[in-house]
Amino acid sequence: VGTLFTDSFHFLGLFAIGQTVVILAGGLDLSVSFVASLASLVAAGTMADRVTSIPAGVLFALAVGVGVGIVNGLIVSRLRVPPFMATLGVGLILSGYLATNYNGSFGNTPYEFRLIGATRIGPLPVSTLIMIALALLVLLMLRRTRFGLHVYAVGGDLGVARLSGIRTTRTLVGVYI
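### A short note on the overall build of the protein chain
- Per the secondary structure count, the protein chain includes nine helices and two strands.
- When the backbone C-alpha atoms are referred to their principal axes, the protein chain occupies close to 50 × 40 × 30 Å.
- Considering the protein chain as a whole, with its 177 residues, one finds that 32% of them fall into the buried category.
- For the protein chain, the proportion of contacts with a sequence separation of at least 24, taken over those separated by at least 6, is 66%.
- On the protein chain, roughly 10,300 Å² of surface is accessible, and the fraction owed to carbon and sulfur atoms is 69%.
- Counting 11 positive and 5 negative side-chain charges, the protein chain places the averaged centre of each group 15 Å from the other.

Rendered as C-alpha cells:
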C-alpha cells in the first residue's frame, strides 16, 4: 500500500478529477502541468517557510488556478478557439513565463504543510483521503447540481445546449476553473 500512495499519485489524481470534468464538457486542458508549476511556486514563495502563511499560500495558489481557468474558459467559449489549441497556447505562455522568471526553486513550504502527504489515518495518507473526498464532492456536483447537468449537456452537444437555454459560456468557464 505504501508504494501505491506516493506524492505523484495524489497530484495525478487531483489533476484527473479536474480533467474529467473538462472532458465531460467536451474540452481538453493541456495547460494543467504549467498551471500546477506556477501555482506551486506562488504558494511556496508566499509561505516562505512560515506556518502562519500556509492559508495565504494555498489561497494564492488557488487564485492562480482560477485565473488561468477563466482565461482558458473565455478563450474556448467566447473566441471559439478549439480547446486543444487554446489550452496549449496558454500553457506555452505560462511555460515561457516560468522559464524566464524562475531558475531553480523559489520559496519553501513549511514542514507542517509537507506533513499532509506524510501523515496517515490508518493505512492511508491524509492526502489520499483529501483526494478521495474531492472526487466524491465532484461526483455529487456532477450528479446532483444544475451545473453538473449543464456540464453533461454542453459536452453532449454545445449547440443544442445553447438552444436549450443553458449559458454555455458560464459552464465552460466553470469547468476550466
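Having seen the structure, we can now continue with the description.
### Overview of the packing of helix α3 (residues 54–77) against helix α9 (residues 168–176)
- One can describe the packing of α3 onto α9 by two numbers: an axis separation of 7 Å at closest approach and a directional angle of 140 degrees. When you trace α3 past α9, the crossing you get is right-handed. Contact with α3, carried on its side by Gly69, Ile70, Asn72, Gly73, Leu74, Val76 and Ser77, involves Thr169, Leu172, Val173 and Tyr176 of α9 and no other residues of that element.
- When the residues that make up the contact of α3 with α9 are grouped by side-chain class, the tally is six nonpolar, five polar and no charged.

### Quick look at the side chain of threonine 171
- Mapped onto the elements, threonine 171 comes out in helix α9.
- On the accessibility criterion, threonine 171 (3% relative accessible area) is buried.
- Setting aside residues no more than four positions away along its own chain, threonine 171 makes contact with Phe147, His150, Val151, Val154 and Ile166.

### With respect to the side chain of serine 53
- Its location among the elements puts serine 53 in the loop between α2 (32–47) and α3.
- Its relative accessible area of 9% is what places serine 53 among the buried residues.
- When near neighbours in sequence (up to four residues on either side) are disregarded, serine 53 contacts Thr46 and Met47.

### Some details on the packing of aromatic side chains
- In the structure shown here, the tally under the stated rule is two aromatic pairs.
- Ring geometry for tyrosine 97 versus tyrosine 102: centroids 6.1 Å apart, planes at 75 degrees, classification edge-to-face.
- Between the aromatic rings of tyrosine 102 and phenylalanine 106, the centroid separation amounts to 5.3 Å while the plane-to-plane angle is 65 degrees, which identifies the pairing as edge-to-face.
- These aromatic residues form a ring-pair network of at least three members: Tyr97, Tyr102 and Phe106.

Calculation rules
- Residues numbered from 1 in each chain as written.
- Predicted model: local features only at pLDDT ≥ 70, side-chain atom pairs only at ≥ 80, totals over all residues.
- Heavy atoms only, no water.
- Helix = DSSP H or I, 4+ residues; strand = E, 2+ residues; numbered from the N terminus.
- Buried < 20%, exposed > 50% of the residue type's maximum accessible area, 1.4 Å probe, protein only.
- Contact = heavy atoms within 4.5 Å.
- Areas by Shrake-Rupley, 256 points an atom, 1.4 Å probe, with all protein chains shown as cover.
- Lys, Arg positive; Asp, Glu negative; His and termini not counted.
- Charge placed at Lys NZ, Arg CZ, Asp CG, Glu CD.
- Axes fitted to C-alpha atoms, helices over the stretch in contact; angles between N-to-C directions.
- Left-handed = near helix turned anticlockwise from the far one by under 90°.
- Nonpolar A, V, L, I, M, F, W, Y, C, P; charged D, E, K, R; others polar.
- Phe/Tyr/Trp six-rings, centres within 6.5 Å; stacked < 30°, edge-to-face > 60°.

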